[in-house]
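Given next are the chains, with one letter for each unit.
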Amino acid sequence: MTKIALIDPTSLVGKELARLLPTWPGLSPTVDSFHTGTEEEHRVAEVGGGAALVAPLDDPMVLAGYDGVLTAGREATPRMTALAEALDELPQELPVVDAARAPVLRAATRVAAPAAQTQELPLHFRVPDPSVVATLHVLEAVSGLRPLAAGIHSEEPVSVLGPGAVQALARQAAARLQGEPAPTEELGAVLAFNFRGLPDDGAGAEASALLAPVEVSLTRAAVGRFHGHVVHLSLLFPEAISAETFETLCRSSESLRMAPAGLDMAEAPDSGSILVGPPSVSSSGRLLTVTATLDGLLFGGARTALELLDSLF
């Protein structure tokens, strides 16, 4: 049995971790849950199909008694800040995986992909951005064609900011439909029926490190959508390829699913696959563009975190 500490199982990513963790192949875990919220009371979460008490994480050093730690919160509460400060004091060989890419944990973790099989200490990691995870799977499928470069554009839903952001977007949409000013206090900007460019925020450097030797550029945007990431990919190859070859290779991947009739965002949430649309190939055959959709709470979230944790044991 593997003893796992699950931090913040009531967040959106945490709920997916709580659902997947008890039956994840190879782990056979016992799970204790903690939260980094501001309240002193215990929370109640569903873990493995049953109710579980979630204690406040008052002393991060209790995590030293576990075989692995999964974090799923993003809010910079005092308890989360204390956890970030305590990571250096925890055993370096203790696997800690941040499934939510919390900004406050960024300095204490480094990005890694499950296939890295790294044993470099300390074993404190964060999952890659969902758009990078999608690109990793596509590049893995077509690796035999020796891709040279990848241009990535990521469209991020508000669910990356938590359940409160989903509700805030609904309020913005209602206000705009009624011709009233949309409230911006919770989202910082009007996202309902809108598209806003986002700063790189380090995702480009992470993509370059994880996807090397493929040359990478990355742009990001926030869109007025509740759930589901959209990734627009441009891939450059040394020799001409056909759309049919690309589709055949994608179909051979366990994580990719072709959508030849066109993508439908409604199929992305809760999907165990990255959905790939019909590709377009340039006249030379060397440049291919394609759009993919995925559930970022799973890919670049809970599923990727569990794959990474499993690879660290």
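In this report, the structure presented in the accompanying data block is examined. None of the values given here were measured: they were computed from a predicted structure. (Residues numbered from 1 in each chain as written. Predicted model: local features only at pLDDT ≥ 70, side-chain atom pairs only at ≥ 80, totals over all residues. Heavy atoms only, no water.)

Attention shifts here to the nonpolar core. Note that soluble globular proteins tend to have their nonpolar side chains buried in a common cluster. In this structure, Leu17, Leu70, Val97, Leu235, Phe246 and Leu306 are the most contacted members of the largest nonpolar core, which totals 60 residues. A total of 8 residues in this core trace back to one element, the largest contributor, which is helix H7 (residues 298-312). If near-sequence neighbours (up to four positions away) are discounted, Leu70 is found in contact with Ile4, Ala5, Leu6, Ile7, Leu17, Leu21, Val97, Ala305, Leu306 and Leu309. Formed by 18 residues, the second largest nonpolar core is a distinct cluster that contains Phe34, Ala55, Leu87 and Leu90. (Core = buried A, V, L, I, M, F, W, Y, C linked by side-chain atoms within 4.5 Å. Buried < 20%, exposed > 50% of the residue type's maximum accessible area, 1.4 Å probe, protein only. Helix = DSSP H or I, 4+ residues; strand = E, 2+ residues; numbered from the N terminus. Contact = heavy atoms within 4.5 Å.)

One can describe the packing of helix H3 (residues 130-141) onto H7 by two numbers: an axis separation of 8 Å at closest approach and a directional angle of 75°. One finds that H3 runs roughly perpendicular with respect to H7. Listed contacts from H7 to Pro130, Val133 and His137 of H3 are Phe299, Gly300 and Thr304. Looking at the contact of H3 with H7 residue by residue, the classes come out as 3 nonpolar, 3 polar and no charged. (Axes fitted to C-alpha atoms, helices over the stretch in contact; angles between N-to-C directions. Parallel < 35°, antiparallel > 145°, perpendicular 65-115°, else oblique. Nonpolar A, V, L, I, M, F, W, Y, C, P; charged D, E, K, R; others polar.)

Before going further, it helps to spend a moment on the pairing of strand S12 (residues 229-236). Of the strand pairs in this sheet, strand S9 (residues 149-156) and S12 are connected by 7 bridges, and their pairing is antiparallel. Within S12, the position partnered with Ala149 by the bridge is Leu236. Of the strand pairs in this sheet, S12 and strand S16 (residues 287-294) are connected by 8 bridges, and their pairing is antiparallel. Bridged to Leu233 within S16 is Val290. (Pairing = 2+ DSSP bridges.)

Turning our eyes to something else, we now look at the sheet that holds strand S7 (residues 110-111). A sheet is described by the order of its strands in space; here 8 strands give the open sequence S3-S4-S2-S1-S5-S6-S8-S7, paired in mixed fashion. At either end of the open sheet lies a strand with only one pairing partner, and these are strand S3 (43-47) and S7.

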